[in-house]
Amino acid sequence: MAQYDFTPRIAPNLDRHLVFPLLEFLQDSKLYPDEEILKSKIELLSKTNMVDYAMDIHKSLYHTDEVPQDMVERRAEVVARLKALEEAAAPLVVFLQNHNAVQELRADKHYNLQMLNDRYQIGSQQIEALYQFAKFQFECGNYSGAADYLYQYRALCTNSERSLSALWGKLAAEILMQNWDTAFEELNRLKEIIDSKNFASPLNQIQSRIWLMHWSLFIFFNNDNGRTQIIDLFNQDKYINTIQTSAPHLLRYLATAFIVNKRRRTQFKDFIKIIQQEHHSFKDPITEFLACVYVNYDFDGAQKKMKECEEVILNDPFLGKRVEQENSSSVPLRDEFIENARLFIFETYCRIHRRIDMGVLAEKLNLNYEEAERWIVSLIRGSKLDAKIDSESGTVVMEPNRPDVYEQLIEHTKGLSGRTYKLVSQIMEHAQTLATR
Amino acid sequence: MASKFWTQGGSDTEEESSDYDSENDDLTQTDDPAQTAGNRYLTVNASDSDDSDTQKRVVRSAKDKRFEEMLVTVDQMKNAMKINDWVSLQESFDKINKQLEKVMRVMESDKAPTVYIKALVMLEDFLAEAMANKDAKKKMSSSNAKALNSMKQKLKKNNKQYEEVINKYREHPESEEEAEDEEEEEEETDDSEIEDPTKLDISDQEGVSEADEPDDQESGWMRQMTKKDNLLAKQFRDPKAATWEKVNKWFKEIVAARGRKGTGRYEQVEQLAFLSQVAKTPAQKVEILFSVISAQFDVNPGLSGHMPVSVWKKCVQNMLVVLDILMQYPNILVNDSVEPDENESEKGLEYTGTIRIWGNLVAFIERVDIEFFKSLQCIDPHTREYVERLRDEALFLVLAQNVQDYLEQTGDFSAASKVALRRVELIYYKPQEVYDAMRKFTEQSEDNGEEGEESKVPEEGRAPTMFIVTPELVPRRPTFPENSRTLMDRLVSLIYKHGDERTKARAMLCDIYHHALFDEFSTSRDLLLMSHLQENVQLMDISTQILFNRAMAQLGLCAFRVGLIAECHGCLSELYSGGRVKELLAQGISQSRYHEKTLEQERLERRRQMPYHMYINLELLEAVHLICAMLLEVPNMVANTNDVKHKIISKNFCRLLEISERQTFTGLPENVRDHVMAATRALTKGDHESAFNIIKSLDTWKLLKNKDSVLEMLRANIKEEALRTYLFTYSSSYDSLSLDELTKMFDLSEVQVHSLVSKMMVNEELHASWDQPTRSIIFHEVEHTRLQALAFQFTEKLSILTDSNERAIEARIGGGGLELPMRRRENQDYAGATGGAGRWAEGGTAFNQGRQGTSEGRSGYGGGRASGMGQGGGYLRDRAGQARGAGGYSSQVSRVSHMDGLGRMISLNRGVRV
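Procedures and definitions
Residues numbered from 1 in each chain as written. Chains lettered and ligands numbered in written order. Predicted model: local features only at pLDDT ≥ 70, side-chain atom pairs only at ≥ 80, totals over all residues. Heavy atoms only, no water. Helix = DSSP H or I, 4+ residues; strand = E, 2+ residues; numbered from the N terminus. Buried < 20%, exposed > 50% of the residue type's maximum accessible area, 1.4 Å probe, protein only. Contact = heavy atoms within 4.5 Å. Areas by Shrake-Rupley, 256 points an atom, 1.4 Å probe, with all protein chains shown as cover. Axes fitted to C-alpha atoms, helices over the stretch in contact; angles between N-to-C directions. Parallel < 35°, antiparallel > 145°, perpendicular 65-115°, else oblique. Left-handed = near helix turned anticlockwise from the far one by under 90°. Nonpolar A, V, L, I, M, F, W, Y, C, P; charged D, E, K, R; others polar. Pairing = 2+ DSSP bridges. Salt bridge = Lys/Arg side-chain N within 4 Å of Asp/Glu carboxyl O. Phe/Tyr/Trp six-rings, centres within 6.5 Å; stacked < 30°, edge-to-face > 60°. Lys NZ or Arg CZ within 6 Å of the ring centre and 35° of its normal. Core = buried A, V, L, I, M, F, W, Y, C linked by side-chain atoms within 4.5 Å.

*Asks:* Account for the overall build of chain A, with residues named and values stated.
*Replies:* A count of helical and extended segments in chain A gives 22 helices and 5 strands. Out of the 437 residues in chain A, the part that is buried amounts to 49%. Considering only contacts in chain A between residues 6 or more positions apart, those separated by 24 or more positions represent 60%. Entry remark: accessible area of chain A is about 22,000 Å², with carbon and sulfur atoms responsible for 48%.

In structure tokens form, the structure reads like this:
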């Protein structure tokens, strides 16, 4: 299954801190040996300031209580730096904690700056310090603090570059705190900036988009509406181009979203084309499943792929999110995916068949005979399927749905009378204007 | 080339003159008055014909032939003289005059050849003799006498033109001064040879010094110097005494003479080369060497001809020496933007500051490359010479590599990228095998090359005045990585980083071509799409467009090799749409039937030609294109036989098919086209076996590397398309068709058949569905009954009627006709009050309300205010009507499933669109 694990491809596009959830997931899924994961965690932490955490991991990895000297030193260093930054940012922090004072701030940034400068002696230096402090907080793992400070920093900052990175920081912090709704708002804000801003080179812009898309995976697959939103975002021309050129592995998520989302049929066809184009550069059970059903009409293959897809979903940190319910844990997305995929197969299968043996159908759908029958009956009853079951021969017979000739004729002539009527009224009107003249 | 000519020419001249020597000796010795004139001339002519035998070796065949003809005629004349047959003599005389014209044309000279003059002299003498001999005259038959008289007049008239020459000639054979004679003979022969068009380039130099043989510069230099050269040599006889000023003075003088009338090009090269040896400072040496190189480029003045190979080689050597010096003295900067100080080059070895020298290495490199390219264009590709010349490619690659390295060292990356492009353009079209061969060749020639250099070193040593001895710092051998891809990647990435627009575009195209050559279709397609070259290439220069066409052709071949038929067709169809493939790929001049090209156009086109070794095989290309078109078009054609308006995928193919169907009898296929047409006929019947066999019998497949796999792919594709064609054609005759039957018929696996048929069903190309329990296809009845068809026709007519009504009304009252503005002006006062004004005012805003009931989605139809719809798009209405006409009834026509390959390629839109 490891070949379908995208962590190595996704991780470079994420913030260091955002990789932790992925590693946690991998640890749970037991895809890799524990030690390797722990080691990579330490590796990851070494560049951050979460020294305590690193120490803990170190202990559990080597089963000792001793901590390497450099970690201890680093800890002291971090603490000292934190102190220094805190002091630097102190005036502003104090100000911001004072509710009455904060209410004096207005929407006008320049006024605010002026006011702060005049009345509290808070200049650009302190504001800058606030940013550094927030960043440091973030690196220490204090995400909520960082998010707050960054929010306030954005309200005060005038430098657009800095503001942008503050926004990235805020987004990361929100994601890590799992505030999905706020995170989604931040995401949209960021997207607007990326789309409208003039980048030094197109490459930078693409890079930003790739980051944005990767980060958004956290939000979309944890949010109720996420599956629609992900299609909205990823399927925009600019973003789909970016995916195709630089990050084809994101197609997996888009494909999954399309499968579990029933309403997006129009875009779906285009998406199938994209998958076809990209099949040389990217292959994944999920996209292959779509290709089987919609391109090659290979239903046996589709069925096989469906099983693989299940595995993939279970092992994907974004898709395979578990929901613990009382004493049983389930992966909601998997169930949904399977159900929909089955429907896809069945739908296409019915379209090109007149008569289908129930046994074969059951097999194709990964169900037993009774289940299949029940499933089909419910479909027919829900008028999703225009068919009848012939239980004597054990077959489903499709109702032909060719357009009726008479209907076509009526269709053709329907508009004519209306048009003629309008024509007449036009002439009348014209005659009237002539008369009034 | 020059060397060959000169050595041979020279020896020939000597030989000839010696011939004349002996001949004249003979003449003087045997100048016996008793001897008849005829006999005398007989000997003369005998020696002359010998002479021409020797000439045969040098003179080109056309010229040779003419000469021979002339000699034969002269012989005939002699025979006629012997028997005193004036009638035949007269005929021969007419003949020789005609031949003279031809000879003159071939040799492009305005001077009659000696043979002719001799014949004239001989005739004159003979005539005089005959006239003098009254008795003989009386004895002549009447026709003979008549001929004699007319001959006399003709000769008189004719000889007037050549009087001078004849007199000269008469003088000389009789005079004793042989030297003069010899000289003149020599001059004459020289002239005749110089006029040969292939050797034109030397003619200018002729005037100055005939004896100056530029090629044996080491040995012959001192001996054969002109006055000026002598002076030069005298000046520097004692090289130690030469000062910088002296050298500089001479240098300036020689350079100033450049391009002036009477300055020999070779001579100048020689003088400068000599000066470069006596140069006092490295900077001066570089400066002089630059001039040498420029002068070498000047050797060939025409645009169409190319630089002599030997000069080219020397030029490359000079460039290498320049590089040696530049490497040795990094403080010497070469630049062409600033005019350097007059005495900049005086600064000697000990001077450490930067010395600026005027010059442009890149321009030189490019010129060298162009000359190389031109020489390949000119040389006949089937000769050994061509192969020899191709070997020199390595020489150029070394030079380019060194220059590039040097430029990179000096930090001039944009110039380096230009040089890199030159290298890329020599490599991109080489498949790995050819590349390997080239690499091996350079490695092998290492030993030979070293010997060559050793022999060169003492030569230099012999030159007495070498002041600035330059060690060979830059490598004289190119280093090639194992894989041509690696080399390409390295060069191309440098270009992408630093090159200008054109360089980048060209490099990109080469890159695409190279990827395609290595069967990496998706990579090269992505490159093509991302670079947006398809849109921009029309704005580029022609040579880049040709490169683009080549890349597209190669991309098509690549798509074919990997089995992407539709993509392949997309790439190639445009190339073949105009029937000008040769011209588009610059592989030979195509003749257009309809308009003649002017000479100028033709010359331009000739200059653009690709050298032969870079050709893309046109036969293969045509085969690939036609086969792809066949595979796409045949099922499409069959599927839409009843539909008049159906979309044609390949117009070219359809036309060819039409032509071949018009033939009453079809013979066995001979060329590519016939083969494909025969295969098409088989395929239309669903006979995949014979279709494949016909295609397989094409010769061109042997040009493919992975022939077997390609043919296998082709077989699979033909089977599939045969199945589709069969289903389209015969579906109406079947009620049901079992899967097993189909698999057997078309030798396909069940899965394949199932997938193919399902695809056709889903795309509504085939009105049928599977019956799963019996594993068969059930065909639906889709044909309308007579009544239904009539009803449809009726409705169709009704809507046409409504349409025309609408249009008529629009034209009358509210439409966007031309007369309306005028009417509006008339009614202006009250127009505002009425509904018409509102309509006008808002006519521009499109009221796009798609109608639900009709499938055309036509834009809203506006009535006046009374109708409640308010404003109608005045002129939009018309357009909507037209659109409706086109799209209205085709909605039930099954959709053409094949997408136009090219359209698809373009619409992939994968570019970095920001």
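*Asks:* So, the overall build of chain B: which residues are in play, and what are the values?
*Replies:* Per the secondary structure count, chain B includes 41 helices and 5 strands. Per-residue burial for chain B yields a buried fraction of 48% across its 914 residues. In chain B, 69% of the contacts between residues at least 6 apart in sequence involve partners at least 24 apart.

*Asks:* Before we move on, could you go through the packing of helix α19 (residues 413-427) of chain B against helix α22 (residues 501-517) of chain B and cite the residues and values that matter?
*Replies:* All names here are of chain B. At a minimum axis distance of 10 Å, the contact between α19 and α22 shows a crossing angle of 25°. When the interaxial angle is binned, α19 and α22 end up roughly parallel. Considering how the two elements wind past one another, α19 and α22 form a crossing that is left-handed. Together, S417, K418, L421, V424, E425 and I427 of α19 and T503, R506, A507, C510 and H514 of α22 make up the contact between the two elements. When its residues are assigned to classes, the contact of α19 with α22 shows 5 nonpolar, 3 polar and 3 charged.

*Asks:* Any chance you could break down the sheet that holds strand β4 (residues 387-390) of chain A for me, citing the residues and the numbers?
*Replies:* Strand order in the open sheet formed by 6 strands is β4(A)-β5(A)-β3(A)-β4(B)-β5(B)-β3(B), with mixed pairing between adjacent strands. Each edge of the open sheet is held by one strand with a lone partner, namely β4 of chain A together with β3 (736-738) of chain B. Taking each pair of neighbouring strands and ignoring which way they run, the sheet shows an average axis angle of 20°. Judged from the 3 bridges that link them, β3(B) and strand β5 (residues 776-779) of chain B form a sheet pairing that is antiparallel. For S738(B), the partnering residue across the bridge sits in β5(B) and is S776(B). Contacts from helix α35 (residues 750-762) of chain B reach β3 (353-357) of chain A together with β4 (768-771) and β5 of chain B within the one sheet, and its direction differs from that of β4(B) by about 140°.

*Asks:* I'd love a proper account of the pattern of salt bridges, names of residues and values included.
*Replies:* For the coordinates displayed, the defined rule picks out 44 salt bridges over all chains. In this structure, the salt-bridge partner of R209(A) is D195(A), at a minimum N-O distance of 3.1 Å. Of the two residues, R209(A) is situated in helix α12 (residues 202-220) and D195(A) in helix α11 (residues 180-196); the sequence distance between them amounts to 14 residues. For R209(A), a relative accessible area of 1% corresponds to the buried category. Between R775(B) and D740(B) there is a salt bridge, with the nearest N and O atoms lying 3.0 Å from each other. Of this pair, R775(B) sits in the loop between β4 and β5 while D740(B) is found in helix α34 (residues 739-746), placing the two residues 35 residues apart along the sequence. For R775(B), a relative accessible area of 33% puts it in the partly exposed group. Taken together, the salt bridges that share partners define one network made up of K170(A), E174(A), E186(A) and R189(A).

*Asks:* Any chance you could break down the packing of helix α15 (residues 282-298) of chain B against helix α17 (residues 361-378) of chain B for me, citing the residues and the numbers?
*Replies:* All names here are of chain B. One can describe the packing of α15 onto α17 by two numbers: an axis separation of 11 Å at closest approach and a directional angle of 30°. Taken together, the axes of α15 and α17 are roughly parallel relative to one another. When you trace α15 past α17, the crossing you get is left-handed. Residues F290, I293, S294 and F297 of α15 form the contact with α17, whose participating residues are L361, F364, R367 and V368.

*Asks:* If you had to explain the packing of aromatic side chains to someone new, which residues and values would you point to?
*Replies:* Applying the stated criterion to the full structure yields 27 aromatic pairs over all chains. Here the aromatic rings of Y726(B) and Y730(B) are separated by 5.0 Å at their centres, their planes lie at 50°, and the arrangement is tilted. Pair noted here: Y726(B) and Y730(B) are both in helix α33 (residues 707-730), with a separation of 4 residues, about one helical turn. Using a relative accessible area of 12% as the deciding quantity, one classes Y726(B) as buried. What makes Y730(B) partly exposed here is its relative accessible area of 32%. Cluster of aromatic residues (ring-pair linked, three or more members): F258(A), F268(A), F271(A), Y294(A) and F344(A). Against the face of Y239(A) rests R209(A), its NZ or CZ located 5.1 Å from the ring centre. Cation over ring: R389(B) sits above W312(B), and NZ or CZ is 4.3 Å from the ring centre.

*Asks:* Quick one: what's the story with the nonpolar core, residue by residue and with numbers?
*Replies:* L290(A), F560(B) and L714(B) are the most contacted members of the largest nonpolar core, which totals 302 residues. With 14 residues, helix α29 (residues 618-639) of chain B is the largest single contributor of residues to this core. Setting aside residues no more than four positions away along its own chain, L290(A) makes contact with A255(A), I259(A), F268(A), F271(A), I272(A), I275(A), V295(A) and F344(A). M70(B), I96(B), Y116(B) and L155(B) belong to the second-largest nonpolar core, a separate cluster that totals 33 residues.

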